[in-house]
Amino acid sequence: MIAAIASAADAPPALQIRQKTLKNGLRIVAAEDRSRPVINLQVWYHVGSKDEKPGRTGFAHLFEHLMFRGSKNVGPEEHMRLVRQAGGVVNAYTTFDTTVYWETFPSNYLERMLWLEADRMASLDVSRENFEKEREVVKEERRLRFENPPYGNLLEQVLRNTYQRYPYRHVPIGSMEDLNRATIADVRDFHSTYYVPNNATLVLVGDLDAEEAFRLAEKHFGGIPRGRRVPRVRVKEPEQKRRREAVVEDAKAPLDAVVASYHLPPAGHPDSYALEIAASILSTGQSSRLYRRLVYEQQSAMAAQGEALFLEGPSVFFCFAIANPGRDIRQILSEMENILTEMSQKPPAEEELTKAKNQIVASFILEQESMQGKADFLGKCAVLYGDPGRYNTELDRYRNVSAADVQRVVRTYLAPERQTRVFLRPAAARAK
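Residues numbered from 1 in each chain as written. Predicted model: local features only at pLDDT ≥ 70, side-chain atom pairs only at ≥ 80, totals over all residues. Heavy atoms only, no water.

Concerning the layout of surface pockets
So the rule is basically this: The definitions used throughout rest on a 1 Å grid laid over the protein atoms alone, on which a cavity is an enclosed set of points accommodating a 1.4 Å probe that cannot get out and a pocket is an open set flanked by protein within 12 Å on both sides along at least five of seven lines; lining residues are those having an atom within 4 Å of a point. Grid points are joined across faces, edges and corners, and a volume is the space filled by probe spheres set on the points. Counting from the N terminus, the helices are the DSSP runs of H or I reaching at least four residues and the strands are the DSSP runs of E reaching at least two. Three categories are distinguished: nonpolar for Ala, Val, Leu, Ile, Met, Phe, Trp, Tyr, Cys and Pro, charged for Asp, Glu, Lys and Arg, and polar for the others, with Gly belonging to the last.
Empty space within the largest pocket amounts to approximately 1200 Å³. What lines the largest pocket is a set of 38 residues, and nearest its centre among them are Glu276, Ala308, Phe310, Glu367 and Lys380. Those elements that place two or more of their residues in the lining of the largest pocket are strand 4 (89–94), helix 10 (272–283), strand 9 (301–309), helix 13 (350–367), helix 14 (371–383) and helix 15 (394–399). A breakdown of the residues in the lining of the largest pocket according to their chemical character gives 17 nonpolar, 14 polar and 7 charged. A volume near 640 Å³ is recorded for the second largest pocket.

Following this line, the structure appears as structure tokens:
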């Protein structure tokens, strides 16, 4: 009984979730939270980089920019100005699976914000001028984030080698070559296919009346025509049965690095919770197993970390290390593998398991303190899990993970034959 009381005490309050779907297919998910006089509004378009055709990558991210270039009744950048004039904040982001546009604002501006989002859903200005301007902005972003920093292209190399067929092979920023050869016709076709009401979910959390919010959403979005049937990714990633290896060079990298990646089940899979806890034990913070062994005890690596990247499709765990000068990168990888083997042979101690759970629970609760955090997770449950009600039950799935569960999933999913190893070496090393 004491445990049940403690569990209830550190759980965020449940949301009362309401749903409605308009005739044009737009899904609305709303939750009232009167704790503060603000609302977070999000429009989730179920399109990300995985939906892009080969040779036409970067389009979903390009529309993250184009959606602020104006529509029939809103001028370029005016969307942002109107939100900020109301005292709100506004932005967008693109992932492998979705593109999300959001704003947080005083609750008395709800109808204005609905009108803004409806106007660009109905009449975005996909002109050649806007396309060419934003394409240059995206290309510059790619140079800054991927091409200029040391190890900036490492994630691209890892995904390209980890996935053989599934379109997670490329990152949302897209390739420079694909962006250069994209035509205005390609971009308009992508927009008319995916940025339609029947591929969107409107998420509203905050100081609102759900029935009134539904009425206003019907008023502003209800007249937008339904789009054609939205294509979905049908490709299956083949099961990996043998270890794969690649060696790549990076002219800007000062030291050798290695990444070991492993295929995981999709986000929301019953094993994903134990895997997330295993990833935390391995790689969260300086007391994690990877960092403690490689950086503190052996001093073979200057950095060691890992992450479980849970996606709508086949997901991935990767751990990586950057070697200290003079240290053998293959020996570092061997030690990383030893750490995984130890976890597969012996369950984690109760103290270590409790610490990992506490880290995840704390992060979960802190992220949902804001209206935006609540809407982010509600949107994820609605769009990627297909069930917004999971918002109120996900925390218990982490709490129910046992030490034996962690050992089992490490043995199953982080097995040697499922590994893809990518060595990155400085280009100068080859010349020696």
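There's plenty left to go through after this.
A closer look at empty space enclosed by the protein
All chains considered together, the criterion is met by 1 cavity of 30 Å³ or more. The space that makes up the largest cavity amounts to roughly 40 Å³. Around the largest cavity sit Met67, Phe68, Arg69, Gly70, Ser71, Val74, His79, Leu116 and Arg120, which together line it. A per-class count over the lining of the largest cavity returns 4 nonpolar, 3 polar and 2 charged.

Points about the sheet that holds strand 2 (residues 27–32)
Put simply, the rule reads: The criterion for strand pairing is that DSSP finds at least two bridges linking the strands in question. Only the stretch in contact is used when a helix axis is fitted, and all axes are lines through C-alpha atoms; the angle between N-to-C directions ranges over 0 to 180 degrees. In this analysis, two residues are considered to be in contact whenever any of their non-hydrogen atoms come within 4.5 Å of each other.
Across the sheet, which stays open at both edges, the 6 strands sit in the order 1-2-6-3-5-4 with mixed pairing between neighbours. Of all the strands in the sheet, the pair left with one neighbour each is strand 1 (17–21) and strand 4. Between one strand axis and the next, the sheet turns by 15 degrees as a mean value, whatever way the strands run. Judged from the 8 bridges that link them, strand 3 (residues 38–45) and strand 5 (residues 99–106) form a sheet pairing that is antiparallel. Considered in strand 5, the bridge of asparagine 40 is made with threonine 104. Contacts from helix 3 (residues 78–85) reach strand 4 and strand 5 within the one sheet, and its direction differs from that of strand 4 by about 135 degrees.

Points about the pairing of strand 2
Keep this limit in mind: Buried, partly exposed and exposed residues are distinguished by accessible area as a fraction of the type maximum, computed with a 1.4 Å probe on protein chains only: under 20%, between the cut-offs, and over 50%, respectively.
Burial of strand 2 is extensive: 5 of the 6 residues sit out of reach of the surface. Pairing of strand 1 with strand 2, which is carried by 5 bridges, proceeds in the antiparallel orientation. Counted as the bridge partner of glutamine 19 is valine 29 from strand 2. Joining the antiparallel neighbours strand 1 and strand 2 is a turn of 5 residues, in which glycine 25 adopts a positive phi near 100 degrees.

Observations regarding unusual backbone geometry
For glutamate 77, which is not glycine, the phi dihedral falls at a positive 65 degrees. On the secondary structure map, glutamate 77 appears in the loop between helix 2 (59–66) and helix 3. Residues other than glycine seldom take positive phi values, yet tyrosine 151 does so here, at roughly 65 degrees. Mapped onto the fold, tyrosine 151 is located in the loop between helix 5 (128–147) and helix 6 (154–162). Here tyrosine 151 falls in the buried class, since its relative accessible area comes to 18%.

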